[in-house]
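# Report on the structure
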Amino acid sequence: MAAANLVEPGTRALIVDTGWFSARMAEIVSRYGAEVVRVEAKVGSAPTADDVAAALARGRFDLVTVTHVDTSTGVRADVEGIARVAKAHGALVVVDGVCAAAAEVLRMQAWDVDVALTASQKAIGAPPGLALLLARPAALARHRARKTKVPSLYLDFAEWLPIMEAYEAQRPS
Ligand SMILES: *Cc1c(COP(=O)(O)O)cnc(C)c1O
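On a predicted model such as this, the values are computed, not experimentally measured, just so you know.

L14, V52, V64, V66, I82 and V113 are the most contacted members of the largest nonpolar core, which has 22 residues in total. At the level of elements, β1 (12–16), α3 (49–57), β3 (63–67), α4 (79–89) and β6 (92–96) are the ones that each hand at least two residues to this core. L14 has contacts with V37, V39, V52, A55, L56, F61, L63, V64 and T65, leaving out every residue within four places of it along the chain. Residues L6, V29, V115 and A139 belong to the second largest nonpolar core, which totals 18 residues.

Below, the discussion takes up the packing of aromatic side chains. For any pair of aromatic rings, the description consists of the separation of the ring centres together with the inter-plane angle of the planes. The final tally for this structure, using the stated rule, is one aromatic pair. Between the aromatic rings of W20 and F21, the centroid separation amounts to 5.0 Å while the plane-to-plane angle is 85°, which identifies the pairing as edge-to-face. Its relative accessible area of 21% is what places F21 among the partly exposed residues.

By nearness alone, every residue bordering the ligand is listed as F21, R24, T67, V69, T71, D96, V98, C99, Q121 and K122. Here a nitrogen atom of the ligand and a side-chain polar atom of D96 are 2.6 Å apart. Here the ligand, which alone exposes 380 Å², has 74% of that area covered by the protein. Class assignment for the residues of the shell around the ligand results in four nonpolar, three polar and three charged.

Right, let's talk about the pattern of salt bridges for a bit. Under the definition given, this model contains nine salt bridges. Ionic pairing is found between E104 and R76, a salt bridge with its closest N-O pair at 2.9 Å. Placement of E104 in the loop between β6 and β7 (115–119) and of R76 in strand β5 (residues 75–76) is noted, with a sequence separation of 28 residues between them. Under the relative-accessibility criterion, R76 is labelled exposed at 53%. A salt bridge links D112 to R136, with the shortest nitrogen-to-oxygen separation between them at 3.0 Å. On the criterion of sequence distance, the pair formed by D112 in the loop between β6 and β7 and R136 in the loop between β8 (131–135) and α5 (137–144) is long-range, its members being 24 residues apart. Relative accessible area serves as the criterion here: at 31%, D112 is assigned to the partly exposed category. One network of salt bridges, with partners in common, ties together K87, D112, D114 and R136.

The rules behind these values
Residues numbered from 1 in each chain as written. Predicted model: local features only at pLDDT ≥ 70, side-chain atom pairs only at ≥ 80, totals over all residues. Heavy atoms only, no water. Core = buried A, V, L, I, M, F, W, Y, C linked by side-chain atoms within 4.5 Å. Buried < 20%, exposed > 50% of the residue type's maximum accessible area, 1.4 Å probe, protein only. Helix = DSSP H or I, 4+ residues; strand = E, 2+ residues; numbered from the N terminus. Contact = heavy atoms within 4.5 Å. Phe/Tyr/Trp six-rings, centres within 6.5 Å; stacked < 30°, edge-to-face > 60°. Near = heavy atom within 4 Å. Polar contact = N/O pair within 3.5 Å; in protein donor to acceptor, adjacent residues only side chain to side chain. Areas by Shrake-Rupley, 256 points an atom, 1.4 Å probe, with all protein chains shown as cover. Nonpolar A, V, L, I, M, F, W, Y, C, P; charged D, E, K, R; others polar. Salt bridge = Lys/Arg side-chain N within 4 Å of Asp/Glu carboxyl O.

Have a look at this one:
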């Protein structure tokens, strides 16, 4: 859903590579048309915020994706530091918290993370099947500024927001 709404052909995405799940995020965003650059680190360690800043300095990026904890390697990324350098560059930050949410601290607002996503079946410890995604205003603004339609109807923020807004306003919808 993060990729479907925030990526369109030509979007440049920087992937903080911590293992299999960040490689999979690279594959997901590239299928939506992103040009992908990876910041790599030795297997078992994570790129630092300085590594990410150096990669950002070599080009223009719209999006930085971070796997908070990469289940394949057990590596935890410095989301706070990486978000800081990404925001200084003007890039949105997407955090895959599928393994981390409920086990690691994520201060989405204080660290200025734009999209955080997780699922029920890892640290939350519930049966699989529920996906949870939070998007902050800059992510919604990026979605509104798209030049192309979100390719998936079901994943389009625009399909969900009217229902959620009506719910919050206690209006039937
Ligand atoms: C398990 C996992 C995923 C994928 O979640 P599925 O619901 O199994 O597709 C993504 N990212 C991380 C970090 C994971 O641990």
